[in-house]
Amino acid sequence: VWLASASIGARVCRPLRSLTHPMKKKFDCYLRSYRRRWGLTQDELAALLGCKTGAVISRLERDGRQPSLEAAYAFEVIFGTAPIELFPGLHAKVKKNVIARARDLYDELQGDSSKATRLKLDFFEDVFARAQARRNTI
């Protein structure tokens, strides 16, 4: 249930699992480490997001919920840390899914020799090369 409020807290958490995938998956989240490093309570961090209680922070830290885009940007402003560093597991999940869908589209486009399709295929090859390069640097 989402609050009707205009604050970030109304949209901070979205469950990682969907109704079609009842198995709950955790993701790596370093939010607690950053919050504790600066001596902030969950309530204080929630207040910085515009939330009334720290429950939203608790869910992010404990339940494997993912932050909204707005909350992820807020955490970057607060901690000076990119979302990829605070939520590396979420990044890995998104990357895996996007690359899989890009490969499917790439395969569908094979055999079309048009200039527009060649541009798209070159783009996808660049996407795959960047993803591979990042994997090799880790």
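Nothing here was measured: the structure is a model prediction, and the numbers come from that model.

Let's talk about the overall build of the protein
Counting its secondary structure elements, the protein contains seven helices and two strands. Going residue by residue from the N terminus, the α and β elements of the protein occur as β-α-α-α-β-α-α-α-α. For the protein, the proportion of its 138 residues judged to be buried stands at 33%. Pairs at least 24 apart in sequence give 60% of the contacts found in the protein among residues at least 6 apart. Of the accessible surface of the protein, which amounts to about 9500 Å², a share of 56% is contributed by carbon and sulfur atoms.

Things to note about the nonpolar core
Grouped together as the largest cluster of nonpolar side chains are 16 residues, with contacts concentrated most on Leu 31, Ile 57, Phe 75 and Phe 79. The set of elements that each furnish at least two residues to this core consists of α1 (31–37), α2 (42–49), α3 (55–62) and α4 (69–79). Setting aside anything within four residues of it in sequence, one finds Phe 75 in contact with Leu 31, Leu 45, Leu 49, Ile 57, Leu 60, Pro 67, Gly 80, Thr 81, Leu 86 and Phe 87. Ile 99, Val 127, Phe 128 and Ala 131 belong to the second-largest nonpolar core, a separate cluster that totals nine residues.

Observations regarding the side chain of Thr 81
Tracing the backbone through its elements, the reader meets Thr 81 in the loop between α4 and α5 (83–86). Among the polar contacts made by the side chain of Thr 81, one reaches the main-chain carbonyl oxygen of Phe 79 at a distance of 3.3 Å. Filtering out sequence-adjacent residues up to four positions away, Thr 81 remains in contact with Tyr 34, Phe 75, Glu 76 and Leu 86.

Overview of the pattern of salt bridges
Under the definition given, this model contains five salt bridges. Ionic pairing is found between Glu 61 and Arg 32, a salt bridge with its closest N-O pair at 3.4 Å. Note that Glu 61 is positioned in helix α3 and Arg 32 in helix α1, a separation of 29 residues in sequence. Judged by relative accessible area, Arg 32 falls into the partly exposed class, the value being 33%. Between Glu 61 and Arg 35 there is a salt bridge, and its shortest N-O distance comes to 2.7 Å.

Looking at the packing of α2 against α3
Interaxial distance between α2 and α3 falls to 7 Å at its minimum, and their mutual angle equals 110 degrees. Relative to α3, the element α2 lies roughly perpendicular. For the pair α2 and α3, the contacting residues are Gln 42, Leu 45, Ala 46 and Leu 49 in the first and Val 56, Ile 57, Ser 58 and Glu 61 in the second. By residue class, the composition of the contact of α2 with α3 is five nonpolar, two polar and one charged.

Description of the confidence of the model for the protein
On average, residues of the protein score 84 in pLDDT, and 80% of them are at 70 or above. Per-element confidence in the protein ranges from a low mean pLDDT of 44 for strand β1 (residues 13–14) to a high of 98 for α2. Confidence drops under a pLDDT of 50 for residues 1–7, and excluding neighbours within four residues, the segment shows nine contacts in the predicted structure. Counting contacts from residues 9–26, a segment whose pLDDT is below 50, to residues more than four positions away or on other chains yields 44 contacts.

Conventions we followed
Residues numbered from 1 in each chain as written. Predicted model: local features only at pLDDT ≥ 70, side-chain atom pairs only at ≥ 80, totals over all residues. Heavy atoms only, no water. Helix = DSSP H or I, 4+ residues; strand = E, 2+ residues; numbered from the N terminus. Buried < 20%, exposed > 50% of the residue type's maximum accessible area, 1.4 Å probe, protein only. Contact = heavy atoms within 4.5 Å. Areas by Shrake-Rupley, 256 points an atom, 1.4 Å probe, with all protein chains shown as cover. Core = buried A, V, L, I, M, F, W, Y, C linked by side-chain atoms within 4.5 Å. Polar contact = N/O pair within 3.5 Å; in protein donor to acceptor, adjacent residues only side chain to side chain. Salt bridge = Lys/Arg side-chain N within 4 Å of Asp/Glu carboxyl O. Axes fitted to C-alpha atoms, helices over the stretch in contact; angles between N-to-C directions. Parallel < 35°, antiparallel > 145°, perpendicular 65-115°, else oblique. Nonpolar A, V, L, I, M, F, W, Y, C, P; charged D, E, K, R; others polar. pLDDT = per-residue confidence, 0-100.

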